[in-house]
Structures are given as structure tokens and as C-alpha cells.
Amino acid sequence: MDLPKRVITEAPNGSAKPAVLPAWWKEIQDAAWIDYERLPMPSRKDERWRFSDLSKVALNGCTAGVPVAAPALADLQGYFSSGEAPSLLFANDALLFSRGLSPEAREKGVVFAPLLEAATKEADLLQSHLFQERVGLGAEKLESLHRACATAGAALYVPAGVELAEPVDLSFWMTEAHAATFPHILVILQENARARVHLRFSSTNPRGGFACSVQELFVGPGASLDLLTHRNWAEGVCSFDLASIRLSRDASATTFQLNQGGSYTRTESRSRLLGPGARSVMLSATLARGRQEFDQRSFQEHVAPDTKSDLLYKSALYDASRTIFAGMIDVDPAAQRTDAYQSNRNLILSHDAEANSLPGLEILANDVRCTHGSTVGQVDPEELFYCLQRGIPLAAAQRLFVLGFLTDVFARLEDGKIKSALTEELEASLR
Amino acid sequence: MSLQICDLHARIVERPILRGISLEIRAGETHAIMGPNGSGKSTLAKVLSGHPDYEVTQGSVSLDGVPLLDREPDERARMGLFLAFQYPCEIPGVSIANFLRAAAQARLPEGESLSVTEFYQKLYHEMDALGMQRQFSSRSLNAGFSGGEKKRAEVLQLAMLRPRYGILDETDSGLDIDALKVVANGVNRLRGPEVGFLIITHYQRLLDYITPDFVHVMVAGRIVQSGGPELALELERRGYGSLEERYGSPNLSPLAETGV
């Protein structure tokens, strides 16, 4: 593993960054550098890195602030203008395109802005929320690196009782194989607010890059958040996406991720059920191919009574791909009547593929319902024969099974348009 | 034009099941194979369609003159062989329409893609003819279907894929009389001078609705008696007992060697 010291501040535009940061942010950044340098490298001896292929965790000489070349800019312009939702598009951590909220949403006090802008215009809000959460499922060193480097990203704030009608789009791109990106997503929903966020991580170059993003999601009492992440980095990208979601009383959140691409992708997802009646649905569908590795760690943290969490992570593995799922349901002594579910299912399509599944429970309350399950299996030979007998060749039959297996996760989403868009996208990438 | 089976022997693991089956199904003909449980009827269907659990130890099969047994199951299907399964698999998450699109696409020359509009026109036409609700096509294939729905889905696939030779393996099992009629009508619609059918059944009941041209009786892996539709009625009256007594031993088989 190579994560050189201070590589980011030595980047071409490193000197420009501190100038625009408020003092409180700069302090956080400096402290993060110290943490980053102090914290040990991930190690296989650490249970939280069990099964991870650490040889794939590498910065590979990537740096922040790589300029976006003209052809990539044109591609991204095309991608951006095909949408209509309020959105922010970043490439190599530079904000390239933005489309603001509707006047109605702005009048109601909704804020959707790049972090740097929000840090000056909504200083109090940001200062009290930004970098306040720790995901802490193993990648603390990377989380510190993120804090030390992150300037790109967005803040979404929805005031109490406001329902944001349209989803907001956030996309983060890497255009060069030596680019590094540190996106930060901050969502603050006040009491009974409602929002939907569509997040995309993708590349315009087909080779490499390094990404380390963090999501801090604050869901207030009775508020509701739907967050959909579509991750499709280029081959060769090493990426981390560390998400923490805080749920207050009667808050609810559905997070969904569709994972494709990349060389090594680690996701850490922590749901903190802090208020009675809070509810978190955590969904993931992963298509692993080639030599890709998806390393997913989750934590369902039941702190308050009468809370509910429901996790479903499914992966389809082709070729010599690997997946790791390590999930933990943690129930505090006070979290009586917790209802927690955790399910990890893996469909193996090749003898060289490897799925590692480590479901876990730690229950300190006595009146709870917690179940977990994991399966690693191949296509049923009788089902395969059935398809073949209809004249469907092996590869096409496998595509059908993968599609059926993964769209089962999409079926858990409420938005029909999203469901069919995701299905189409998955179909296209399987073709 | 025919599906020609010559002296076919096959086994599963080390146990011989087919002990010399010879049968020719010409285009336009409908043959029925009847026989007691365990006589090898379903094995014949699986061996013809290329199920990997079975090993052919002797004999040959050709479809319109082309040798079949060295082909993969999907190639055999594209050559025009269709098996309606006794126990159709449930495939969760794959709709009937998408499944059939994949099957139709596989039959096109490489590089050509299916016209979705034409596909759906054809699908709805066939569904209408079978008296099926259109929303049935968006349900996951066989997942949670009743026995009758599964068999109807098989007949819909048969109608969509229009094979040269269709094998129906115990299609009547688990069907009530109404479902049986729907399935039989579906098959009868497809009969014609270009298509051959092999109907495998334990009971004569299905043959009341699909009248075969020939009836064969299978016992202990061999065809021991052949005749016209009247043979089915006779078997219904007499049962398989006396035939099993006579031909049940693998060592005695006058007809298998000569090939009926």
C-alpha cells in the first residue's frame, strides 16, 4: 500500500486551497493531516480489513487538482445538459457545471450549494455539521486523508417541514488516470423535511485514479431521506466511500448503491439510529467483473428503542472478481424492541470469483428481533438448463440470472422511474 | 424431415436407463409415449434435449438429418427442438417477456437485433390465442405460479419459439380439466405439416384432447409396443402390469433390438 505523506498539499493547486478556506475549516484540515500521519496503515491483521487485498489500496501517484482536458469537458457538458434536476457536477474536484434549485425551493429556505460557497454563506450551519461525524469502520486513515484534502462537494439543507419535490443530482468525475478526488456530501434535513439525492461517481478516462469520499447525512426528527449512489469508476481506480447517517426520532432513510467498475472499491456505511422510531433501509447491488474487488463494511447502530434497520446487499461476481461483506448489527442496552435485519447474497458466475461474507450481531438489549443471513451460491444447474433448452446461450442466460438477481434489490425502491432507469443501465452494461 | 432416434442407450451415473430406443418422428406427426413410472420416458426427453446429468452410451439422434448428440443444449434448441418441462423451473426476477426476448434474440443471425415492437405484437397475439392476460408476461417466469400457470407458460413459450419438434414431458401432470383443455388447445393450434410432436404421458387423459398418430409403450428403457391411438385406450383398460411383467427385465426385449 502506498499512501505518500503530504502528497496532496504538494499538488499543483494545493497552495490555492487554503486561501479560500475559513479559519475553522483550515484548523480541521491541519488536525486531519496530523491524524492521517499518526494513524497506522490498514493491515490484514485488523479484523476490519480481513480479506481485503491491500495491494490494491494505492494512491498510484494520483494528485488533486489535475486540470480537465477539453474533450472530457465536452463529454461532461453533454452529460450535464441531458439532466433537468438541480445539480452540481465536479471533475477532479473542480466544480464544472451547476444548475440551481427552483425558485420555490429557494424561497422555502432550501440550500443546495458547493461546500466552499456554503462555508461562507451558511457558515454557522456548516461549522456545526461539517466533519462532525466519524464513520470509523476501519478506514480512519483514509477518512483523515479525506478531511485533510476535501474541498469539493456539496451541502444540501432542507428546513423543517419542507418537502423538496425534485431530487438533486450530484456527480463527481475523474477525467485523468492520475487524478485524485475527495468529494464530500453533507445533507442536513430538519424536522419533517424530505429530500432525494442522486449521487454519481464516474470516470471519463478508461484507466485509473484515486477517490476518497465521505457522506455526512443528518436526518432530523420525522424527516425522510432517499439517497441513491451510482458508482462506476474506471478500471484501475482505487476508491473509498465512507458514509455516516444520523437518524433522529421517527426519521427514515433509504440508501441504495449500485456498484460497478473500479479496481478496489471500499464502502463503509454506518446507520446510527439515535431516536425512537428511526428507520434505516440500506440497499446495495454490485456487479463485480474482471479482477475488481468490492469491499463493503456496514454498521447498523441501534441506540434508541423501537428502531428498525433493514440491510440487503447483493453481489454478482464474474471472472476473478472478489467481494467482501462485513456487516454488524449493534444493539445498545437501551435499544429495546429493535427490529434489525441484515442479508448478504452473492451469486458466483465463475470458478475464479470469490465472495467473502461476514455477517455479525452484537445485542445488549433483551427484547429485540434481529436476524441475519448470508448466502454464496452459483446459478442453479436446473435453471440454467431450462434457459439453455430455450436456445439461450450460456452467457446470455447468465446475464438474465444476474439481472434477475440484482434487480430484486431495485424492486425495494419506490420510485418507478428510477427502477427502470437502473435496470436499463444494468442491462446496457451487461450487454 | 424427421427427428430420428436410433438405438439410443443412456445412463445416469452408473445406472442404465435407456436400453435401446429407436423411433422416428416425421414432421407433421404426433407420437405419444406412454409407460409406467420409472420406465425412462422423462429420461428420453432429457437426453434428447442434452441434459448434462445423462450420458449417452450408444446410438444416435438426428434432427432433419443433422446429428444432434454432439451439440450443446442451447444449439439443439436453436436447431428446432423444444422441451416442455414436467417441472418448469422458477426464475425469480426474470419476466416471461424478457426471457422470451432473450430466446428470440438468440435465434437471430449474429449482429441482428430483435425488433421489440414486432416481438410484443407476436407475444400479445399468442397470449390472446391462449386466453392469457397480457400482464402475465411481466411476471417473473414461473415464480409462484400455480401448476396450471406453469404449464400455460410452457405452451406460450412453445407458441412463441415455434420449434420443428416439440417434446411435451408429462404436461398433463398436476392439471385440472380446464387447464388441461387450454394446454391441449394450445398444442393443437401448433400442429401442422411442418411440426412433429412427442407427447410423454403416464395417463391416457391428455390423449383425449391431443389425438396422436402413433402410440408407443415404454417399459424398462425400451419401446415394447407401438400402435395407433387405440393402443392408449387399451392401456387405460388393461394397465401397465402385464407389460411390466413381460418386459420389465432388461434382458428380455424383443422389440428394442429390431427397433420399432
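Whatever comes next refers back to the structure up there.
The model shown is predicted, which means the values in this text are computed figures rather than measured ones. (Residues numbered from 1 in each chain as written. Chains lettered and ligands numbered in written order. Predicted model: local features only at pLDDT ≥ 70, side-chain atom pairs only at ≥ 80, totals over all residues. Heavy atoms only, no water.)

A.B. asks: How would you sum up the overall build of chain A? Please name residues and give values.
C.D. replies: Of the regular secondary structure elements, chain A holds ten helices and 20 strands. For a compact globule of 431 residues, the expected C-alpha radius of gyration is about 22 Å, and chain A comes in at 21 Å, within 12% of that figure. Principal-axis analysis of the C-alpha atoms places the extent of chain A at approximately 65 × 55 × 45 Å. For chain A, buried positions account for 60% of its 431 residues. The long-range share in chain A, meaning contacts at least 24 apart out of those at least 6 apart in sequence, stands at 84%. Carbon and sulfur atoms make up 50% of the accessible area of chain A, which totals about 16200 Å². Within chain A, one finds 43 positive and 53 negative side-chain charges whose respective centroids are separated by 2 Å. (Helix = DSSP H or I, 4+ residues; strand = E, 2+ residues; numbered from the N terminus. Rg over C-alpha atoms; globule rule 2.2 N^0.38 Å. Buried < 20%, exposed > 50% of the residue type's maximum accessible area, 1.4 Å probe, protein only. Contact = heavy atoms within 4.5 Å. Areas by Shrake-Rupley, 256 points an atom, 1.4 Å probe, with all protein chains shown as cover. Lys, Arg positive; Asp, Glu negative; His and termini not counted. Charge placed at Lys NZ, Arg CZ, Asp CG, Glu CD.)

A.B. asks: Provide a residue-level description of the interface of chain A and chain B, including the pertinent values.
C.D. replies: With 17 residues of chain A in contact, the opposing surface of chain B contributes 32 residues. Taken together, the two surfaces of chain A and chain B that pack against each other cover about 1900 Å², and 67% of this comes from carbon and sulfur. Of all residues in chain A, the largest losses of buried area upon contact with chain B belong to Phe-385, Tyr-386 and Arg-390 of chain A, amounting jointly to 40% of the total for that side. At the surface where chain A touches chain B, the tally comes to one salt bridge. The partner of Arg-390 of chain A in a salt bridge is Glu-154 of chain B, with the nearest N and O atoms 2.6 Å apart. The interface formed by chain A and chain B includes eleven residue pairs in polar contact (both at pLDDT 80 or more). Going through the elements one at a time, helix H8 (381–389) and helix H9 (394–410) of chain A are the ones with two or more residues in the side of chain A that touches chain B. Per-element tally for the side of chain A that touches chain B: the top contributor is H8 of chain A, with seven residues. A breakdown of the residues in the side of chain A that touches chain B according to their chemical character gives nine nonpolar, four polar and four charged. (Buried area = accessible area lost by both parts, 1.4 Å probe. Salt bridge = Lys/Arg side-chain N within 4 Å of Asp/Glu carboxyl O. Polar contact = N/O pair within 3.5 Å; in protein donor to acceptor, adjacent residues only side chain to side chain. Nonpolar A, V, L, I, M, F, W, Y, C, P; charged D, E, K, R; others polar.)

A.B. asks: Now, about H8 of chain A: what can you tell me, with residues and values included?
C.D. replies: Within the sequence span of H8 of chain A, burial applies to Glu-383, Phe-385, Tyr-386, Cys-387, Leu-388 and Gln-389 of chain A. Looking at the buried side of H8 of chain A, the elements it contacts are H9 of chain A together with helix H1 (41–49), helix H2 (73–79), strand E6 (81–84), helix H3 (96–106) and helix H5 (147–161) of chain B. Near the N-terminus of H8 of chain A, the side chain that reaches the backbone nitrogen of Glu-382 of chain A, with its oxygen 2.9 Å away, is that of Asp-380 of chain A. Backbone geometry just after H8 of chain A places Gly-391 of chain A at a positive phi near 90 degrees.

These figures capture arrangement, not role.
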